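Next come the chains, spelled out residue by residue.
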Amino acid sequence: MNPRKVKAASRSADASSRKVSIDLGAIRESKPRDFAIRFAFGATISVIAGLVSLAYGPRVGGLFLAFPAIMPAALTLIEKKKGEGPADADAQGGILGSIGMIIFAGTVFAGAQIAGAPVALGLALVSWAVVSSGLYLLLRRAWPRVWG
Amino acid sequence: MKDLALIAFRAVLGGTAVCAFALVGQMVQPKKFAGIFAAAPAVAVASLAITIATKGPAAGHASALGMIAGAFGMLAYCCVMVFTLRRMHALLGSLVAMPVWAAFAGAGLWLFTR
């Protein structure tokens, strides 16, 4: 693989749609099998996190709540269907999602004992969405060659 | 027995949450923005909700501390994976970067618990 070619393909993958938008028709492109694979990976890592929590305590189990189990399956599906460029673009977006994930975990850490589960988790989810999306919009404006 | 039932419930809820986030990721454009949903806290939302509901806020607090370390590992993993992905196929490129997650998450947990 040529890294420069993949990088260029990644840029052109986003060239057709610069604005953040929702395409409901994209749901039709996915097959039930794709979701079955994702479900299996999600369920497996949830079980692993649960078993590790039982054996070594919630702190060690908590590590696995941020394990990138879904990444290999998701990226392989994208590469197969849409090519290397979109897979590369997806991986770059993952960097922003994981920064949001740190904020998510920090919000639950700070709020679980004060606000209770529904409020803490709701607030954490909103924080994840705001931080990740905000970073994307900020980077796209500041660094359009890479994020535009 | 109760613990095993909870783990099974966790699996169903975790798998469903992953699919829900993947669905949103598939619908949104552009692709780099959609990538945010690949690193969504899907499994965490489901697991933490069950942990707090069944074992109390203190267990959720401890789980979240572990998750902060794991999320730092995830960030390091994603940064490295962008480079490995450009040199290998998606499956290999994403698997090769896994030790980076283990190293950063492990180091983070050690720092938080010492």
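Quick caveat: nothing in here was measured; it's all calculated off a predicted structure. Every chain begins its residue count from 1, and numbering advances along the sequence as written. Chains and ligands are labelled by the order in which they are written, letters from A for the one and numbers from 1 for the other. In keeping with the model being predicted, local features are shown solely for residues with a pLDDT of at least 70 and side-chain atom pairs are shown and tallied solely at 80 or more, while totals for entire chains, interfaces and linings include all residues.

### Brief notes about the overall build of chain B
Inference 1: Strands are runs of DSSP state E lasting at least two residues, helices are runs of H or I lasting at least four, and both sets are numbered from the N terminus onward. Within chain B, the regular secondary structure consists of six helices and one strand.
Inference 2: Listed by position from the N terminus, the elements making up chain B come as α-β-α-α-α-α-α.
Inference 3: In terms of overall dimensions, chain B has C-alpha extents of about 45 × 40 × 25 Å along its principal axes.
Inference 4: Of all 114 residues assigned to chain B, the portion counted as buried reaches 60%.
Inference 5: In this description, a residue-residue contact is defined by the distance between C-beta atoms placed from the backbone, which must lie within 7 Å. Of the contacts formed within chain B by residues at least 6 apart in sequence, a portion of 56% connects residues at least 24 apart. Labels follow a simple rule on C-beta atoms placed from the backbone: if 20 or more others lie within 10 Å of a residue's own, it is buried; if 12 or fewer, it is exposed; otherwise it is partly exposed.

### A word on the overall build of chain A
Inference 1: For chain A, the count of helices and strands is seven helices and one strand.
Inference 2: Listed N to C, the secondary structure of chain A is α-β-α-α-α-α-α-α in terms of helices and strands.
Inference 3: Going through the 148 residues of chain A one by one, you find that 45% of them count as buried.

### Here we look at the environment of A:Ser98
Inference 1: Take A:Ser98: it is sitting in helix 5 (residues 84-115).
Inference 2: Residues A:Ser98 and A:Lys81, spaced 17 residues apart in sequence, show a C-alpha to C-alpha distance of 24 Å.
Inference 3: Residues in contact with A:Ser98, not counting those within four places in the same chain, are B:Ala39, B:Ala71, B:Met74, B:Leu75 and B:Cys78.

### Some remarks on the interface of chain A and chain B
Inference 1: Between chain A and chain B, the residue contacts involve 81 residues of the former and 76 residues of the latter.
Inference 2: With 24 residues, helix 5 of chain A is the single largest residue contributor to the side of chain A that touches chain B.
Inference 3: Of the residues belonging to the side of chain A that touches chain B, the class tally is 52 nonpolar, 20 polar and nine charged.
Inference 4: Examined bridge by bridge, strand 1 (residues 21-22) of chain A and strand 1 (residues 28-29) of chain B share two bridges and lie antiparallel to one another. Counted as the bridge partner of A:Ile22 is B:Val28 from strand 1 of chain B. When residue character is reported, Ala, Val, Leu, Ile, Met, Phe, Trp, Tyr, Cys and Pro are called nonpolar, Asp, Glu, Lys and Arg charged, and the others, Gly included, polar. Any two strands with at least two DSSP-identified bridges between them are counted as paired.

### A few points about the packing of helix 1 (residues 2-27) of chain B against helix 3 (residues 42-55) of chain B
Residues and elements named next belong to chain B.
Inference 1: Where helix 1 meets helix 3, the closest approach of the two axes is 7 Å, and the angle between their N-to-C directions is 145°. As helix 1 packs across helix 3, the resulting crossing turns out to be right-handed. Taken together, the residues of helix 3 that come into contact with helix 1 (itself represented by Leu-6, Phe-9, Arg-10, Leu-13, Gly-14, Ala-17, Val-18 and Phe-21) are Ala-42, Val-43, Val-45, Ala-46, Ser-47, Ile-50 and Thr-54. Axes here mean lines fitted to C-alpha atoms, for a helix over just the part in contact, with angles spanning 0 to 180 degrees between N-to-C directions. Crossing chirality is assigned from the near helix's rotation relative to the far helix, an anticlockwise turn below a right angle marking it left-handed and a clockwise turn marking it right-handed.

### Side note on the nonpolar core
Inference 1: For this entry, the nonpolar core is defined as buried Ala, Val, Leu, Ile, Met, Phe, Trp, Tyr and Cys residues connected by C-beta atoms within 7 Å. Membership of the largest hydrophobic core comes to 82 residues, with the highest contact counts inside it found for A:Ala66, A:Ala105, A:Val108, B:Ile68 and B:Ala71.
Inference 2: A per-element tally of this core places helix 4 (residues 57-85) of chain B first, with 17 residues.
Inference 3: Once residues within four sequence positions are removed from consideration, A:Ala66 is found in contact with A:Met101, A:Ala105, B:Ala44, B:Met67, B:Gly70, B:Ala71, B:Gly73 and B:Met74.

### Some remarks on the confidence of the model for chain B
Residue and element names in this part refer to chain B.
Inference 1: Confidence per residue, as judged by the predictor, is encoded in pLDDT with a range of 0 to 100. Chain-level statistics for chain B give a pLDDT mean of 92 and a share of 99% at 70 or above.
Inference 2: The secondary-structure element of chain B with the lowest mean pLDDT is strand 1, recorded at 88, while helix 4 shows the highest, at 95.
Inference 3: In the predicted assembly, ipTM is 0.94 and pTM is 0.90.

### Comments concerning the packing of helix 5 of chain A against helix 6 (residues 117-142) of chain A
All names here are of chain A.
Inference 1: Direction vectors running N to C along helix 5 and helix 6 enclose 155°, while the axes themselves pass 8 Å from each other. Of the possible angle classes, the one that applies to helix 5 and helix 6 is roughly antiparallel. Crossing hand, helix 5 versus helix 6: right-handed. Contacts from Leu-96, Gly-97, Ile-99, Gly-100, Met-101, Ile-103, Phe-104, Thr-107, Val-108, Gly-111, Ala-112 and Ala-115 in helix 5 reach Val-119, Ala-120, Leu-121, Leu-123, Ala-124, Leu-125, Ser-127, Trp-128, Val-131, Ser-132, Leu-135 and Tyr-136 in helix 6.
Inference 2: Residue composition of the contact of helix 5 with helix 6, by class: 18 nonpolar, six polar and no charged. Angles below 35 degrees are treated as roughly parallel, those above 145 as roughly antiparallel, those between 65 and 115 as roughly perpendicular, and all remaining angles as oblique.

### Looking at helix 6 (residues 98-113) of chain B
Inference 1: The end-to-end C-alpha distance of helix 6 of chain B is 23 Å, a good match for the 22 Å that 16 residues give at a rise of 1.5 Å each.
Inference 2: The set of residues buried in helix 6 of chain B consists of B:Val100, B:Trp101, B:Phe104, B:Ala105, B:Gly108 and B:Leu109. One side of helix 6 of chain B carries all its buried residues, which in axial view fall inside an arc of 150°. Looking at helix 6 of chain B, the residues exposed on the side facing more than 90 degrees away from the buried face are B:Pro99 and B:Trp110.
Inference 3: Its buried side turned inward, helix 6 of chain B meets helix 3 (58-63) of chain A together with helix 4 of chain B. An expected span of 1.5 Å times one less than the residue number is assigned to each helix. In this description, the arc belongs to the directions extending from the helix axis to the C-beta atoms.

### Observations concerning the environment of B:Lys31
Inference 1: Relative to the helices and strands, B:Lys31 resides in helix 2 (residues 31-34).
Inference 2: Separated by 18 residues in sequence, B:Lys31 and B:Ala49 place their C-alpha atoms 30 Å apart.

### Description of helix 4 (residues 70-82) of chain A
Residue and element names in this part refer to chain A.
Inference 1: Helix length check: helix 4, at 13 residues, gives a terminal C-alpha distance of 18 Å against a target of 18 Å (1.5 Å per residue), a fit within 8%.
Inference 2: Inspection of helix 4 places Ile-70, Met-71, Ala-73, Ala-74, Leu-75, Leu-77, Ile-78 and Glu-79 among the buried residues, and these make up the whole buried set.
Inference 3: Phi turns positive, to about 105°, at Gly-83, one or two residues after helix 4.

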